[in-house]
Structure formats: C-alpha cells, structure tokens
Amino acid sequence: MRIAIEINGVLRNTLDKIEQTYQKYMIDKTDGLEDDELFKYEMVLPVDTLNLRTHFKFQTDEELYSFLYEEFPMEIFGHAQSTEYSTFNDFNEIYLNLRDNHDILIVSDEIGKSKPASLFFLSKFGCLVEKVKFYSNSTINSMWNEIDVLLTSNPTLLLEHPEDKKIIKYHTEYNKHIHSENTISSLNEFEFVLKKFI
C-alpha cells in the first residue's frame, strides 16, 4: 500500500510560523507610523481557515504571494516548528514499522522557494523518509496517482478526493467542522487508525 503524509498541518505548524513572521515583518515594521501614511497590516485571530487573506491583511494577492514565496519562504517553511513536540520521533518510528511492507511518502502543496525550504525543514528534524512529492493545484492528480492512503489536515483534500482513496484526518482548528470517520489528533495514533486499511 502507498501511504502519504502531508507536511502542512500534520508534520509542520506552518500557520503559527506565518503568524509570527507576519507580526515581525509586517505589523511591527509599521507600528508608530501615521495611519494615513500606509496600509494597515493586521491579523484576525484565531486562524480557523486556510484562507490566509481572511486572517492576514495584505493589499493584494500578489503581496501575499510575495510574502510567502519570495520574501520569507525559508523563515516560514524552513524554520517552522513541528506540529507536536515528538512529531518526527513518532513519524520516523511509523516509517520504520511500515517501510518493509508499504511505500511511505511525504506530500506537500508547495510552489517556488517553499520547496527547498520544506526540504530543509524535513532535514533539520532528521526525517528518514526517502520520497517527497510536491504538488500544486495543477499537478494534484499526479499526487493522487501515487497514493492509496493520505493523512492530511487540509480541508480541501478532506472534502475533495477520489473515491478510491482513503483519507485520515489530522484534527486542527481549521478543519474541526469537517466530519471524518478516520480522525487522529496526534501522530502517534496514526498506525492504529491505518490498520483499518491494511
């Protein structure tokens, strides 16, 4: 069986790092300036959706893109924390337990400079998995073609996936409204839920 685990929201706490980076570089740099001189950067918390423009104010979509993928990709995607204190200890143990009988891969929706930053993130935590598959909206079908089971926190993937694929939900603040029969709140629960499918 081909088992995939997503980086964002499952292995990496990307949203917290976006919040920290936004605070440091967008809000703090404009504090003290006259309100009528510039655009007001502000956050709307908690971050309970993946629609970043709802929670982080930018003048345009292009400015948001530049913030994430041109100006601060290493800061955000490379230096983010793991979702749990023991994420990679648990993940490497899962990999070692399953690798002889199953193909294990990491998948992530990344573009531009977030790809090398994500590889740095995986390496700094000592990730043992050999295969990483990056996808985007235009290449998502190639990701689905390579997997049978997906562990994800992404609401879009939880709701819109091929019928022949098995989905395990990693519970977060931004996907709590989505029902899934197969839900975990910690990575150390993954193998127990996975037994339903293997």
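Residues numbered from 1 in each chain as written. Predicted model: local features only at pLDDT ≥ 70, side-chain atom pairs only at ≥ 80, totals over all residues. Heavy atoms only, no water.

### What to know about the overall build of the chain
Here's step 1: The number of helices and strands found in the chain is nine helices and six strands.
Here's step 2: The C-alpha radius of gyration of the chain comes to 18 Å, within 12% of the 16 Å expected for a compact globule of 198 residues.
Here's step 3: Its C-alpha atoms give the chain principal-axis dimensions of about 60 × 35 × 30 Å.
Here's step 4: Across the chain, the fraction of contacts at a sequence separation of at least 24, relative to all contacts at a separation of at least 6, is 62%.
Here's step 5: Of the roughly 10400 Å² that the chain leaves accessible, carbon and sulfur atoms contribute 47%.
Here's step 6: The positive charge centre, built from 20 side chains, and the negative charge centre, built from 34, are 5 Å apart in the chain. (Helix = DSSP H or I, 4+ residues; strand = E, 2+ residues; numbered from the N terminus. Rg over C-alpha atoms; globule rule 2.2 N^0.38 Å. Contact = heavy atoms within 4.5 Å. Areas by Shrake-Rupley, 256 points an atom, 1.4 Å probe, with all protein chains shown as cover. Lys, Arg positive; Asp, Glu negative; His and termini not counted. Charge placed at Lys NZ, Arg CZ, Asp CG, Glu CD.)

### Focus: the nonpolar core
Generally speaking, soluble globular proteins have nonpolar side chains that are buried together.
Here's step 1: Ranked by size, the top nonpolar core spans 26 residues in total, and within it I5, L11, F91, L151, I168 and F190 carry the most contacts.
Here's step 2: Among the elements of the structure, strand 1 (2–6), helix 5 (87–98), strand 2 (103–109), helix 6 (114–124), strand 4 (149–152), strand 5 (166–170) and helix 9 (190–194) are those that each provide at least two residues to this core.
Here's step 3: Excluding anything up to four places from it in sequence, F91 contacts I5, L11, I106, C127, V129 and L187.
Here's step 4: Judged by nonpolar contacts, the second largest core, of 19 residues, contains I27, F56, F58 and F72. (Core = buried A, V, L, I, M, F, W, Y, C linked by side-chain atoms within 4.5 Å. Buried < 20%, exposed > 50% of the residue type's maximum accessible area, 1.4 Å probe, protein only.)

### Quick word on helix 5
Here's step 1: When the terminal C-alpha atoms of helix 5 are compared, their 16 Å separation across twelve residues agrees well with the 16 Å that a helix rising 1.5 Å per residue should span.
Here's step 2: Inspection of helix 5 places T87, F88, D90, F91, N92, I94, Y95 and L98 among the buried residues, and these make up the whole buried set.
Here's step 3: Those residues of helix 5 that are buried lie in contact with strand 1, strand 2, helix 6 and helix 9. (Expected span 1.5 Å × (residues − 1).)

### Some points on the pattern of salt bridges
Here's step 1: Taken as a whole and judged by the stated rule, the model has six salt bridges.
Here's step 2: A salt bridge links D61 to R53, with the nearest nitrogen and oxygen atoms 2.4 Å apart.
Here's step 3: In this structure, the salt-bridge partner of E173 is K176, at a minimum N-O distance of 2.7 Å. (Salt bridge = Lys/Arg side-chain N within 4 Å of Asp/Glu carboxyl O.)

### Re the environment of T183
Here's step 1: Structurally, T183 is set in strand 6 (residues 183–184).
Here's step 2: A relative accessible area of 32% places T183 in the partly exposed class.
Here's step 3: Note: C-alpha distance between T183 and E62 (121 residues apart in sequence) is 35 Å.
Here's step 4: With residues near it in sequence (within four places) discarded, T183 still touches K169, H171, E189 and V193.
Here's step 5: For T183, the side chain forms a polar contact with the main-chain oxygen of S180, separated by 3.0 Å. (Polar contact = N/O pair within 3.5 Å; in protein donor to acceptor, adjacent residues only side chain to side chain.)

### A word on the sheet that holds strand 5
Here's step 1: Across the sheet, which stays open at both edges, the six strands sit in the order 3-2-1-4-5-6 with parallel pairing between neighbours. Each of the sheet's edge strands pairs with one partner strand only, and the pair in question is strand 3 (131–135) and strand 6.
Here's step 2: With five bridges joining them, strand 2 and strand 3 adopt parallel strand pairing. Within the sheet, the bridge partner assigned to V107 lies in strand 3 and is K133.
Here's step 3: Along the sheet, helix 6 makes contact with strand 2 and strand 3, crossing strand 3 at roughly 150°. (Pairing = 2+ DSSP bridges. Axes fitted to C-alpha atoms, helices over the stretch in contact; angles between N-to-C directions.)

### Re the packing of helix 1 (residues 14–27) against helix 3 (residues 61–71)
Here's step 1: Running from amino to carboxyl end, helix 1 crosses helix 3 at an angle of 105°, the nearest separation of the two axes being 11 Å. In this view, helix 1 runs roughly perpendicular relative to helix 3, as classed from their interaxial angle. Listed contacts from helix 3 to I18, T21, Y22 and M26 of helix 1 are E63, F67 and L68.
Here's step 2: Partitioning the contact of helix 1 with helix 3 into residue classes produces five nonpolar, one polar and one charged. (Parallel < 35°, antiparallel > 145°, perpendicular 65-115°, else oblique. Nonpolar A, V, L, I, M, F, W, Y, C, P; charged D, E, K, R; others polar.)

### Looking at the side chain of T152
Here's step 1: In this fold, T152 is placed in strand 4.
Here's step 2: Within the structure, T152 has its side chain in polar contact with the backbone nitrogen of N154 (distance 3.0 Å).
Here's step 3: If we ignore the near neighbours within four places in the chain, the residues touching T152 are E6, V10, L157, L158, I167, I168, K169 and Y170.

Everything listed here is a matter of geometry and, on its own, says nothing about what the molecule does.
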